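So the chains spell out like this:
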Protein chains: 2
Amino acid sequence: MSELDQVRQAGERLTRQRRAVLQALDTQGGHVTAEQLCDALRGEFPHINTGTVYRILQWLKGHSLVSETDVGIGVKVYERVCNPRHHHLVCLNCHRTIDVDDRYFHPLATALKQDLGFQARIEHFAVFGYCADCARGK
Amino acid sequence: MSELDQVRQAGERLTRQRRAVLQALDTQGGHVTAEQLCDALRGEFPHINTGTVYRILQWLKGHSLVSETDVGIGVKVYERVCNPRHHHLVCLNCHRTIDVDDRYFHPLATALKQDLGFQARIEHFAVFGYCADCARGK
DNA sequence: CTCCTTATTGCAGCAGACTGCAATAAGAGG
DNA sequence: CCTCTTATTGCAGTCTGCTGCAATAAGGAG
């Protein structure tokens, strides 16, 4: 919980709800929707609602503890940021998502930093396109 | 308008509304929201509504004529896809958007193709992070 | 030019994501 | 341990983006 202690600076509070959201994300693993999280938390907090969950997720995202991704299913999915980081390739045809290693994105981040001084924050990317199987057909 | 003729295959129709959306995108140039497009079209089509505009934009996007991007302002923005393609760096601190050349993304697309057979469709990317000015302060 | 098939529009309605405000509770200070 | 400040929650409401359905119109056939 050391990374959370850092966060407690500047008057930001580590509430039971925030702790529970993080724990739920750890427990479930992989991609989770805000709605799913809300349901999971209702056991401990019967009155919790999606508004609060979305706010907590934004807060966690701002502290790089959670990633938010649009994988093209019409709902945003959230995932605990862990090392090593990984990203996703999303097939526009069969809608499969393929995990891809962070190192593919390092050259891009490095180039943007060197040439433009831009410090890219690539926690979790979703690249759309066509997977090997579907690309053949096209 | 030759690119539009290709689209007319397979029974897809080139309606006045679709033509008008494309023309409005050309006229306005740069990033436009669906709401703005809807307003612009109401002169010619008094009864047009956002539902239709969103559907037309999805259709144009599917044919690679228009790009859809989340630049972090809470609304999706649309832009005519033109050559050379460009992408955007979005500063999480000052919210400035910086245009960046397509060539920065070529190595990534090539690597994904070679190693994984994935044919990335990178029409218009938005990379979040901190711009040179804001990165210094952090 | 007219008819006919069916893709597309307009409309109304819905889910996802977010926000303002009053009530609550985290955590610093005494 | 109690008090106090104020960040956060719960709630209700809003806006964006999308979808089903009946009415309309694109564009191919005759």
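A brief structural summary. Everything quoted here is computed from the prediction, not taken from an experiment. (Residues numbered from 1 in each chain as written. Chains lettered and ligands numbered in written order. Predicted model: local features only at pLDDT ≥ 70, side-chain atom pairs only at ≥ 80, totals over all residues. Heavy atoms only, no water.)

## Side note on unusual backbone geometry
Move 1: We note that B:Ser64 has phi near 60°; this positive angle belongs to a residue other than glycine.
Move 2: Tracing the backbone shows B:Ser64 in the loop between helix H4 (50-62) and strand S1 (66-70). (Helix = DSSP H or I, 4+ residues; strand = E, 2+ residues; numbered from the N terminus.)

## Comments concerning the packing of aromatic side chains
Move 1: In this structure the tally under the stated criterion is 3 aromatic pairs over all chains.
Move 2: Ring centres of A:Phe105 and A:Phe125 lie 5.7 Å apart, and the angle between their planes is 50°; on these two criteria the pair is classed as tilted. With a gap of 20 residues between them, A:Phe105 in the loop between strand S4 (97-101) and helix H5 (106-116) and A:Phe125 in the loop between strand S5 (119-120) and strand S6 (126-130) connect regions that are remote in the sequence.
Move 3: An aromatic cluster of at least three residues, connected via ring pairs, comprises A:Phe105, A:Phe125, B:Phe105 and B:Phe125.
Move 4: Just above the ring of B:Trp59 sits the side chain of B:Arg18; from NZ or CZ to the centre is 3.9 Å. (Phe/Tyr/Trp six-rings, centres within 6.5 Å; stacked < 30°, edge-to-face > 60°. Lys NZ or Arg CZ within 6 Å of the ring centre and 35° of its normal.)

## Brief notes about the side chain of A:Thr33
Residues and elements named next belong to chain A.
Move 1: Along the chain, Thr33 falls in the loop between helix H2 (16-28) and helix H3 (34-41).
Move 2: When its relative accessible area of 14% is taken as the criterion, Thr33 is described as buried.
Move 3: If we skip the residues at most four places from it in the chain, Thr33 touches Val75, Lys76 and Val77. (Buried < 20%, exposed > 50% of the residue type's maximum accessible area, 1.4 Å probe, protein only. Contact = heavy atoms within 4.5 Å.)

## What to know about the interface of chain A and chain B
Move 1: Counting residues at the interface gives 28 residues for chain A and 28 residues for chain B.
Move 2: In total, about 2,400 Å² of surface goes out of reach between chain A and chain B, with carbon and sulfur atoms giving 71% of it.
Move 3: Three residues stand out in chain A for area buried against chain B, namely A:Tyr104, A:Phe118 and A:Arg121, and they jointly supply 27% of the buried area on that side.
Move 4: Our enumeration of links across chain A and chain B arrives at 8 residue pairs in polar contact (both at pLDDT 80 or more).
Move 5: Of all the secondary-structure elements, those providing two or more residues to the side of chain A that touches chain B are strand S3 (86-91), S4, H5, S5, S6 and helix H6 (132-137) of chain A.
Move 6: With 2 bridges joining them, S6(A) and strand S5 (residues 119-120) of chain B adopt antiparallel strand pairing. Bridge pairing in S5(B) links A:Tyr130 to B:Gln119. (Buried area = accessible area lost by both parts, 1.4 Å probe. Polar contact = N/O pair within 3.5 Å; in protein donor to acceptor, adjacent residues only side chain to side chain. Pairing = 2+ DSSP bridges.)

## Focus: the protein's contact with DNA strand C
Move 1: Around DNA strand C, the structure places 22 residues, and the nearest of them are A:Leu14, A:Tyr54, A:Lys76, B:Arg18 and B:His47.
Move 2: At the protein interface, 70% of the atoms of DNA strand C within 4 Å belong to sugar or phosphate.
Move 3: Within the side chain of A:Gln58, an N or O atom sits 3.4 Å from a phosphate oxygen of DNA strand C.
Move 4: At a separation of 3.2 Å, a base nitrogen of DNA strand C approaches a polar side-chain atom of B:Arg55.
Move 5: Among the elements of the structure, helix H4 (50-62) of chain A together with helix H2 (16-28) and H4 of chain B are those that each provide at least two residues to the surface near DNA strand C.
Move 6: In terms of residue count, the dominant contributor to the surface near DNA strand C is H4(A) (4 residues).
Move 7: Split into classes, the residues belonging to the surface near DNA strand C amount to 5 nonpolar, 8 polar and 9 charged. (Near = heavy atom within 4 Å. Nonpolar A, V, L, I, M, F, W, Y, C, P; charged D, E, K, R; others polar.)

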